[in-house]
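Geometric and topological summary
Chain by chain, the residues:
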Amino acid sequence: MASFLEIADDEKGYDLEHFCVPRHYENDLEKVIIPHGLIMDRTERLARDIIQDMGGHHIVALCVLKGGYKFFADLLDYIKALNQNSDKSVPLTNDKSTNSVKVIGGDELSSLSGKNVLIVEDIVETGRTMQTLLSLLSECNPKMVKVVSLLVKRTPRSSGYRPDYIGFEVPDSFLVGYALDYNEYFRDLSHICILNDQAKEKYKV
């Protein structure tokens, strides 16, 4: 079972006043739950674990967009620092209305045959999107497929799926920051924070 840092349901977090938070978001957030420095340290450790398991071979890294791009970039920076692997990004999008996975540049998936594939995700909630993607990739006969997710949410909606590598297990709260957005807002927030109820209405589409 993947090791992870658990953020408890009753985690008090940190007051916003102790961190640099963009002024335009100060009234939208309850608290900082994972500071940026902790995200980076945990990401570095995930990179080391991945290299131990998958190193020595070409790793093809796939980024699940778009929330995952920040974690993807930072993780690959650490992986490159540890082991000079080449990588390639195949952007993916999740169609929420049909809960199906669309692959942009999907013709490139055939090139994954016999390769070690690392799928990089920002957050796993129900797990259904990832299960669909893994099924799609299995048709390409990769040598190995591993999934790393910065966050896994404890939620009754979960299908039971767990990634191979997990940064943090988090409460079933509305999280924003570090590229996690709410209707495109909060991607410019460095820390992972809990959104307050007023902000959910304020930024509602």
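Below or above, wherever it landed, is the structure these notes cover.

The rules we used
- Numbers given to residues run from 1 along each chain, matching the order in which its sequence is written.
- Side-chain atom pairs in this predicted model are given and counted only at pLDDT of 80 or more, local residue features only at pLDDT of at least 70, and totals for whole chains, interfaces and linings cover all residues.
- To obtain the side-chain values, all non-hydrogen atoms of the structure were used and water was disregarded.
- Only Phe, Tyr and Trp rings take part, Trp by its six-membered ring, and two of them pair if their centres are within 6.5 Å. Stacked means planes under 30 degrees apart, edge-to-face means over 60, and tilted covers everything else.
- Under the scheme applied here, a residue whose accessible area is under 20% of the maximum for its type counts as buried, over 50% as exposed, and between as partly exposed, the area being computed with a 1.4 Å probe on protein chains only.
- Secondary structure counts use DSSP, requiring at least four H or I residues in a row for a helix and at least two E residues in a row for a strand, with both numbered from the N terminus.
- Side-chain atoms alone can form a polar contact between residues adjacent in sequence; in general such a contact is a pair of N or O atoms within 3.5 Å, and within protein one must be able to donate a hydrogen while the other accepts it.
- Between two residues, a contact is recorded if the distance between any of their heavy atoms is within 4.5 Å.
- Side-chain atoms within 4.5 Å link the members of a nonpolar core, which is a set of buried Ala, Val, Leu, Ile, Met, Phe, Trp, Tyr and Cys residues.
- The term salt bridge refers to a side-chain nitrogen of Lys or Arg lying within 4 Å of a carboxyl oxygen of Asp or Glu.
- Note: two strands are recorded as paired if DSSP finds a minimum of 2 bridges between them.
- To get an axis, fit a line to the C-alpha atoms, keeping to the stretch in contact for a helix; angles then go from 0 to 180 degrees between the N-to-C directions.

All right, on to the packing of aromatic side chains then. All told, the structure shown has five aromatic pairs when counted by the stated rule. With centroids separated by 5.7 Å and ring planes inclined at 70 degrees, the aromatic side chains of Y14 and F19 adopt a geometry described as edge-to-face. The class for F19 is partly exposed, based on a relative accessible area of 24%. Measuring from centroid to centroid gives 4.4 Å for Y185 and Y203, while their planes differ by 50 degrees, and the two rings are tilted. In this pair, Y185 sits in the loop between β9 (175–176) and β10 (192–195) while Y203 sits in the segment after α4 (197–202), placing the two residues 18 residues apart along the sequence. A relative accessible area of 40% means that Y185 is categorised as partly exposed. Judged by relative accessible area, which is 10%, Y203 ranks as buried. Three or more aromatic residues joined by ring pairs form one cluster here, namely Y25, Y185, F186 and Y203.

All right, on to the side chain of E169 then. Looking at the secondary structure, you find E169 in strand β8 (residues 165–170). Looking at E169, its side chain comes within polar contact range of the side chain of R154, at 3.0 Å. A polar atom in the side chain of E169 sits 3.0 Å from the side chain of R162. With residues up to four places along the chain from it excluded, the contact list for E169 reads F4, L5, E6, I7, V152, R154 and R162.

Position of I192 relative to the elements: it lies in strand β10. Put simply, I192 and I39 are 153 residues apart on the chain and 8.5 Å apart in space, counted from C-alpha to C-alpha. If we skip the residues at most four places from it in the chain, I192 touches V32, I33, I34, I39, L150, L151, L175, V176, G177, Y178 and L180.

Attention now moves to the environment of K115. Here K115 is to be found in the loop between β5 (100–103) and β6 (116–124). Accessibility expressed as a relative area gives 29% for K115, which makes it partly exposed. Along the chain, K115 and M144 lie 29 residues apart, while their C-alpha atoms are 6.6 Å from each other. Excluding its chain neighbours within four sequence positions, the residues that come into contact with K115 are V60, P142, K143 and M144.

Moving on: unusual backbone geometry. Positive phi is not limited to glycine here, since N141 has a value of about 55 degrees. Following the sequence through the fold, N141 ends up in the loop between α3 (128–138) and β7 (144–153). Positive phi outside glycine occurs at E184, with the angle close to 75 degrees. As for its position among the elements, E184 is in the loop between β9 and β10.

Our focus in this paragraph is the nonpolar core. Within the largest apolar cluster, 32 residues are counted, with the highest numbers of intra-cluster contacts made by I34, I50, L75, L118, V148, L151 and I192. Counting residues per element, the ones that place at least two in this core are β2 (29–34), α1 (36–54), β3 (59–63), α2 (69–82), β6, β7, β8 and β10. The greatest single-element share of this core, amounting to seven residues, is contributed by α1. Residues in contact with I50, not counting those within four places in the same chain, are G55, I59, L75, I79, L118, V148 and Y165. Membership of the second largest hydrophobic core comes to 17 residues, among which are V64, L112, I119 and V152.

A complete count under the given rule lists 15 salt bridges for this structure. R154 is the partner of E6 in a salt bridge, and the nearest nitrogen-oxygen pair spans 3.9 Å. With a gap of 148 residues between them, E6 in strand β1 (residues 5–6) and R154 in the loop between β7 and β8 connect regions that are remote in the sequence. Judged by relative accessible area, E6 falls into the exposed class, the value being 52%. When its relative accessible area of 22% is taken as the criterion, R154 is described as partly exposed.

Another aspect to go through is the sheet that holds β3. What the five strands build is an open sheet, ordered β1-β8-β7-β6-β3; its pairing is parallel. Edge positions in the open sheet fall to β1 and β3, since each of these has one partner strand only. Alignment of β1 against β8, held across two bridges, turns out to be parallel. The residue of β8 that forms the bridge with E6 is E169. The strands that α1 touches are β1, β3, β6, β7 and β8; relative to β8, the one it contacts most, it runs at about 145 degrees. Sheet strands in contact with α3 are β3, β6 and β7, and its direction is about 165 degrees off that of β6.

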